[in-house]
Amino acid sequence: MEINRPFAGLGGLFGAAGIAAYAAAAHSANGHMATIAPILFIHAPAFLVLSPLAKLSRAAHSGGLILVLGLLFFIGDLVSRDFAGDRLFAFAAPLGGTLLILGWLVVAATAFRILDYRK
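Residues numbered from 1 in each chain as written. Predicted model: local features only at pLDDT ≥ 70, side-chain atom pairs only at ≥ 80, totals over all residues. Heavy atoms only, no water.

### A few points about the packing of aromatic side chains
The full count for this structure, using the stated rule, is four aromatic pairs. Look at Phe7 and Phe47: their rings are 5.4 Å apart centre to centre, the planes differ by 90°, and that puts the pair in the edge-to-face class. Of this pair, Phe7 sits in helix H1 (residues 5-26) while Phe47 is found in helix H2 (residues 33-56), placing the two residues 40 residues apart along the sequence. What makes Phe7 buried here is its relative accessible area of 2%. Their ring planes at 85° and their centres at 5.5 Å tell us that Phe73 and Phe89 sit as a pair that is edge-to-face. Pair noted here: Phe73 is in helix H3 (residues 58-83) and Phe89 is in the loop between H3 and helix H4 (92-111), with a separation of 16 residues, a long-range link. Given a relative accessible area of 23%, Phe73 falls into the partly exposed group. For Phe89, a relative accessible area of 34% corresponds to the partly exposed category. Cluster of aromatic residues (ring-pair linked, three or more members): Phe7, Phe14 and Phe47. (Phe/Tyr/Trp six-rings, centres within 6.5 Å; stacked < 30°, edge-to-face > 60°. Helix = DSSP H or I, 4+ residues; strand = E, 2+ residues; numbered from the N terminus. Buried < 20%, exposed > 50% of the residue type's maximum accessible area, 1.4 Å probe, protein only.)

In structure tokens form, the structure reads like this:
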């Protein structure tokens, strides 16, 4: 079975980052780490599942790329607030959240054959 190795790797990295965020949240009452950790953990297995799916469907691949961008903006903004004391950029978190919703809708559309195009 062929897999999309970058997506599989991201699944592992998101899982590791989720553990790190939970550890950081346990040692600090302030900050966004308690919010970040479950978001990363939700997406870790999703990327492991998307890794073979993205080889079969361009739509699944596109949905995965949109999810990556959404996570980078959303999580990046929250981490930036905690460590730099300021936002990543104006509206980074809302943009990231919107991209996450869009990415999941693209993945769902793939499953329902709304966007059923193959490589």
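We are not done yet, so read on.
### Brief notes about the environment of Ala44
Following the sequence through the fold, Ala44 ends up in helix H2. Note on Ala44: relative accessible area 6%, which makes it buried. For the pair Ala44 and Phe14, spaced 30 residues apart in sequence, the C-alpha separation works out to 5.1 Å.

### Here we look at H1
An α-helical turn contains 3.6 residues, so a residue and the one three or four places further along point in the same direction. A rise of 1.5 Å per residue sets the reference length of H1, with its 22 residues, at 32 Å; its end C-alpha atoms lie 32 Å apart and thus fit the reference within 8%. Among all positions of H1, only Phe7, Gly11, Phe14, Gly15, Gly18 and Ala21 are buried. Viewed along the axis of H1, the buried residues span an arc of 125°, placing them on a single side of the element. Turned more than 90 degrees away from the buried face of H1, the exposed residues are Arg5, Pro6, Leu13 and Ile19. Among the structural elements, H2 and H3 are those in contact with the buried residues of H1. With a side-chain oxygen positioned 2.9 Å from the backbone nitrogen of Phe7, the residue opening H1 is Asn4. (Expected span 1.5 Å × (residues − 1). Arc of directions from axis to C-beta. Contact = heavy atoms within 4.5 Å. Polar contact = N/O pair within 3.5 Å; in protein donor to acceptor, adjacent residues only side chain to side chain.)

### Thoughts on the nonpolar core
In summary, soluble globular proteins display a tendency toward joint burial of nonpolar side chains. Core analysis: the biggest nonpolar cluster contains 22 residues, and Ile36, Phe47, Leu71, Phe74 and Ile75 have the highest contact counts within it. Where this core is concerned, the elements lending two or more residues are H1, H2, H3 and H4. Looking at this core element by element, the count peaks at nine residues for H2. Apart from residues lying up to four places away in sequence, Phe74 is in contact with Ile39, Ala92, Ala93, Gly96, Gly97 and Leu100. (Core = buried A, V, L, I, M, F, W, Y, C linked by side-chain atoms within 4.5 Å.)

### Notes on the packing of H1 against H2
Between two packed helices, what matters for the description is the angle formed by their axes and the separation of those axes. Where H1 meets H2, the axes come as close as 7 Å, and the angle between the chain directions of the two elements is 165°. The orientation of H1 with respect to H2, classified from their angle, is roughly antiparallel. Along this stretch, H1 crosses H2, giving a crossing that reads as left-handed. Of the residues in the contact of H1 with H2, the class split is 22 nonpolar, six polar and no charged. (Axes fitted to C-alpha atoms, helices over the stretch in contact; angles between N-to-C directions. Parallel < 35°, antiparallel > 145°, perpendicular 65-115°, else oblique. Left-handed = near helix turned anticlockwise from the far one by under 90°. Nonpolar A, V, L, I, M, F, W, Y, C, P; charged D, E, K, R; others polar.)

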